[in-house]
Amino acid sequence: MKVKECYEQAVSFLPEKPEENTEMQKFAVVWCNILLAETMRNENICRRAKGQAELERVPLVKNEEDEIPYDEEMVRAAFPYGMARFVLR
């Protein structure tokens, strides 16, 4: 999932239209990087379960077109809710 897709899903939880939240979209990359830090422990649990090497440092995304570099299932299930939390603030 790309950062932009995550933001669009997050906004879909809100009682307004995405075009009414365009000003907030500029923060999507920052919010995604916070979520990456908050969920790194969970990512490493997923990696251990799959026999993959664990991450030692939190990865960063740089723009809205970047893929979120964590387990796809976790990202799709949790990141939009986490990002919606920031949008609602």
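For the structure, see preceding data.
Quick caveat, the model's predicted, so the values are computed rather than measured.

*Asks:* Explain the packing of helix H1 (residues 3–12) against helix H4 (residues 72–88) residue by residue, including any values.
*Replies:* Following both chains from N to C, one finds H1 and H4 inclined at 65 degrees, their axes separated by 8 Å at the closest point. The orientation of H1 relative to H4 falls into the category roughly perpendicular. Crossing geometry of H1 relative to H4 is assigned as right-handed. Along its contact with H1, which presents Cys6, Tyr7, Gln9 and Ala10, the element H4 presents Arg76, Phe79, Pro80, Met83, Ala84 and Val87. Looking at the contact of H1 with H4 residue by residue, the class counts come to eight nonpolar, one polar and one charged.

*Asks:* Explain the packing of helix H2 (residues 28–38) against H4 to me, using residue names and the numbers behind them.
*Replies:* Between H2 and H4, whose axes approach to 10 Å, the crossing angle comes to 125 degrees. The pairing of H2 with H4 is recorded here as oblique in orientation. Crossing of H2 against H4: the hand is right-handed. Facing H2, whose interface residues are Ala28, Trp31, Cys32, Ile34, Leu35, Leu36 and Glu38, H4 presents Phe79, Gly82, Met83, Arg85, Phe86 and Val87.

*Asks:* Could you give an account of the environment of Arg41, naming the residues involved and the relevant values?
*Replies:* If you trace the backbone, Arg41 turns up in helix H3 (residues 40–49). Between the alpha carbons of Arg41 and Val58 there is a distance of 9.7 Å; along the sequence they are 17 residues apart.

*Asks:* Provide a residue-level description of H2, including the pertinent values.
*Replies:* Within the span of H2, buried status applies to Ala28, Val29, Trp31, Cys32, Asn33, Leu35 and Leu36. The inward-facing, buried residues of H2 abut H1, H3 and H4.

*Asks:* Tell me what's going on with the pattern of salt bridges, and back it up with residues and numbers.
*Replies:* Pairing between side chains of opposite charge can happen when their charged atoms approach one another. The full count for this structure, using the stated rule, is six salt bridges. One salt bridge connects Glu65 with Lys2, and the closest N-O pair in it is separated by 3.4 Å. Of this pair, Glu65 sits in the loop between H3 and H4 while Lys2 sits in the segment before H1, and the two are 63 residues apart along the sequence. Between Lys50 and Asp71 there is a salt bridge, with its nearest N and O atoms 2.4 Å apart. Residue Lys50 is located in the loop between H3 and H4, and its partner Asp71 is located in the loop between H3 and H4; the two are separated by 21 residues in the primary sequence. Its relative accessible area of 13% is what places Asp71 among the buried residues.

*Asks:* Tell me about the environment of Val29, residues and numbers included.
*Replies:* Along the chain, the position of Val29 falls in helix H2. Residue Val29 is classed as buried on the basis of its relative accessible area of 15%. Sequence separation of Val29 and Tyr70 is 41 residues, and the distance between their C-alpha atoms is 15 Å. Contacts of Val29, omitting those with residues within four sequence positions, involve Val3, Val61, Lys62, Asn63 and Glu64.

The rules behind these values
- Residues numbered from 1 in each chain as written.
- Predicted model: local features only at pLDDT ≥ 70, side-chain atom pairs only at ≥ 80, totals over all residues.
- Heavy atoms only, no water.
- Axes fitted to C-alpha atoms, helices over the stretch in contact; angles between N-to-C directions.
- Helix = DSSP H or I, 4+ residues; strand = E, 2+ residues; numbered from the N terminus.
- Parallel < 35°, antiparallel > 145°, perpendicular 65-115°, else oblique.
- Left-handed = near helix turned anticlockwise from the far one by under 90°.
- Contact = heavy atoms within 4.5 Å.
- Nonpolar A, V, L, I, M, F, W, Y, C, P; charged D, E, K, R; others polar.
- Buried < 20%, exposed > 50% of the residue type's maximum accessible area, 1.4 Å probe, protein only.
- Salt bridge = Lys/Arg side-chain N within 4 Å of Asp/Glu carboxyl O.

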